[in-house]
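Listed below, chain by chain, are the residues.
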Amino acid sequence: MVHQYKNNGYNMVLDVASGSVHVVDDLTYEVIALYEDHTLEEIIKELSSWDEKDVRESYEEVTELKDAGVLFTEDCYEEYICGFKDRPTVVKALCLHIAHDCNLACRYCFAEEGEYKGRRALMSAEVGKKALDFLVENSGNRRNLEVDFFGGEPLMNFDVVKEIVAYGRDLEKTHDKKFRFTLTTNGVLLHTKIEDLKKNGLTGVNISLDSLKEERFKTLTRRGELSSVLKAIDKCLEYNLKVKINTVMVNDINKDEIIDFVDMTKNKAVDVRFIEL
């Protein structure tokens, strides 16, 4: 199986079975798209706008890649897939979209236009509890289960988060399971909730933070205070909550802060993950 796509002006070709990734010119990209289902002569006719000699050379190069086992590679696992699908499904983790709403308006976010891709809404406790029931019922013999609350901003629905966590603790007693609850948040409201989070059994937080500079933070989020987020990080560490920071790197906006975020990991017990937009 071969996947073709264009990204940032590059023609990308992924050969799934071998795991090979190729960056090719425009002609070769078109030849690859026709290669499996057409003869050389048919491809030459199909690509009549190109010089025939160039098409033949490109075809030969694609054939060499195929012979080398890095393009159009045979899937040696295909015969096993039916048996794999017949295996009983085991679910060990869920992400609950607890709040389809947010208190920020980050420039790259789907929420930027204010529509939130549908009406703003909060998950009910009833739906959240049913999700935990589903997780337990489909977890098989797995004892350790994971649930992450995310949004939008999950702290905008914090009472329901607490109710779902409490329900999870009751399920632990009756089903011999152990839940690990985490929260993905922008951190603006977090510093006022940490004691409650700890008391209700949350073990970690994932904080979305794209700048350590106050003015840039305001430009990116268009509201909120960086100081509130930094205060929350320190308080989480004080309460022994595991902190992971997700940083979206945007060209020409915040890539100059990569070293600053790396330095943060030297001074604080946090993990930083960079996500390129």
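A brief structural summary. (Residues numbered from 1 in each chain as written. Predicted model: local features only at pLDDT ≥ 70, side-chain atom pairs only at ≥ 80, totals over all residues. Heavy atoms only, no water.)

Thoughts on the overall build of the protein
In plain terms, the rule: By definition, any uninterrupted DSSP run of H or I lasting at least four residues is a helix, any uninterrupted run of E lasting at least two residues is a strand, and each is numbered from the N terminus. The reference for a compact globule is 2.2 Å times residues^0.38; the radius of gyration itself is calculated from the C-alpha atoms. Type-normalised accessible area, obtained with a 1.4 Å probe on protein chains alone, sets the label of each residue: buried when under 20%, exposed when over 50%, and partly exposed for intermediate values. A contact between two residues is defined here by any heavy atoms of the two lying within 4.5 Å. Exposure was quantified through the Shrake-Rupley algorithm and a 1.4 Å probe, taking into account, for residues, occlusion by the shown protein chains and nothing else. Charge convention: Lys and Arg are scored as positive, Asp and Glu as negative, and His as well as the terminal groups of each chain are ignored. Positions of charges follow a simple convention, taking NZ of Lys, CZ of Arg, CG of Asp or CD of Glu.
Helices and strands together make up the secondary structure of the protein, namely ten helices and ten strands. Computed over C-alpha atoms, the radius of gyration of the protein comes to 25 Å, more than 25% over the 19 Å expected from 2.2 N^0.38 for 277 residues, which places it beyond the range of a compact globule. When the backbone C-alpha atoms are referred to their principal axes, the protein occupies close to 70 × 50 × 40 Å. Within the protein, buried positions represent 40% of all 277 residues. Within the protein, counting contacts between residues at least 6 apart in sequence, those at least 24 apart form 65% of the total. Total accessible area computed for the protein in this model is approximately 16,300 Å², and 49% of it derives from carbon and sulfur atoms. Of the charged side chains in the protein, 38 are positive and 52 negative, and the gap between their average positions amounts to 12 Å.

Description of the sheet that holds strand S2 (residues 10-15)
Put simply, the rule reads: Strand pairing follows a simple DSSP-based rule, namely that at least 2 bridges must link the two strands. A fitted line through C-alpha atoms serves as each axis, taken over the contacting stretch for helices, and the angle formed by two N-to-C directions is quoted from 0 to 180°.
Overall, antiparallel pairing links the three strands, which are arranged S1-S2-S3 in an open sheet. Single-partner strands in this sheet number two, and they are strand S1 (2-7) and strand S3 (20-24). Shown here is a sheet whose adjacent strand axes are inclined to one another by a mean of 25°, direction ignored. Helix H1 (residues 26-35) contacts S1, S2 and S3 of the sheet and is inclined by roughly 150° relative to S1.

As for the packing of aromatic side chains
Heads up, the rule is: Aromatic contacts are taken between Phe, Tyr and Trp rings whose centres are within 6.5 Å, Trp giving its six-membered ring; a plane angle under 30 degrees counts as stacked, one over 60 as edge-to-face, and the others as tilted.
Across all of its chains, the model carries five aromatic pairs by this definition. Seen from their ring centres, Tyr35 and Tyr59 are 5.0 Å apart, and the 35° between their planes marks the pair as tilted. Here the residue Tyr35 occupies a position in helix H1, and Tyr59 occupies one in helix H3 (residues 52-67), the gap between them amounting to 24 residues. Comparing Tyr35 with Tyr59, the two get one shared label, buried. Ring geometry for Phe149 and Phe181: centres 5.9 Å apart, planes at 15°, overall stacked. Here the residue Phe149 occupies a position in strand S6 (residues 144-151), and Phe181 occupies one in strand S7 (residues 178-185), the gap between them amounting to 32 residues. Residues Phe149 and Phe181 agree in their burial class; the two are buried.

Let's talk about H3
Definition in use: By definition here, a helix of n residues has an expected span of 1.5 Å times n minus one. As used here, the arc belongs to the directions running from the helix axis to the C-beta atoms. We call two N or O atoms a polar contact when they sit within 3.5 Å, provided that within protein one can donate a hydrogen and the other can accept it, with sequence-adjacent residues counted only if both atoms are side-chain atoms.
Across its 16 residues, H3 extends 23 Å between first and last C-alpha, which sits within 8% of the 22 Å expected from 1.5 Å per residue. All of the buried residues along H3 are Val55, Ser58, Tyr59 and Val62. Within H3, the buried residues cover an arc of 105° as seen down the axis, which keeps them to one side. Of the exposed residues in H3, those oriented more than 90 degrees away from the buried face are Lys53, Glu64 and Asp67. In this structure Asp51 caps H3, since a side-chain oxygen of it lies 2.9 Å from the backbone nitrogen of Lys53.

Quick look at the pairing of strand S8 (residues 202-208)
The cut-off we apply is this: The definition of a right-handed crossover adopted here requires that, viewed with the strands pointing away, the path from the first strand over the helix to the second runs clockwise.
Most of S8 sits inside the fold, with five of its seven residues counted as buried. Both S7 and S8 contribute to a ladder of five bridges, which runs parallel. Paired with Phe181 across the strands is Leu202, a residue of S8. As a crossover connection, the stretch from S7 through helix H7 (residues 194-199) into S8 is right-handed. Pairing of S8 with strand S9 (residues 242-249), which is carried by five bridges, proceeds in the parallel orientation. Across the sheet, the residue bridging to Ser208 is Asn246, located in S9.

So, the pairing of S1
Judged from the six bridges that link them, S1 and S2 form a sheet pairing that is antiparallel. For Lys6, the partnering residue across the bridge sits in S2 and is Asn11. In this structure, the hairpin formed by S1 and S2 is closed by a connection of two residues, where Asn8 is found at a positive phi of approximately 50°.

So, unusual backbone geometry
Following Gly151, the chain continues into Gly152 via a peptide bond in cis, with omega recorded as 25°. Inspection of the secondary structure assignment puts Gly152 in the loop between S6 and helix H6 (158-175). Positive phi, normally seen in glycine, also occurs at Asp176, with a value near 55°. Locating Asp176 in the fold gives a position in the loop between H6 and S7. Backbone geometry places Asn240, a non-glycine residue, at a positive phi of 60°. Looking at the element boundaries, Asn240 is found in the loop between helix H9 (226-238) and S9.

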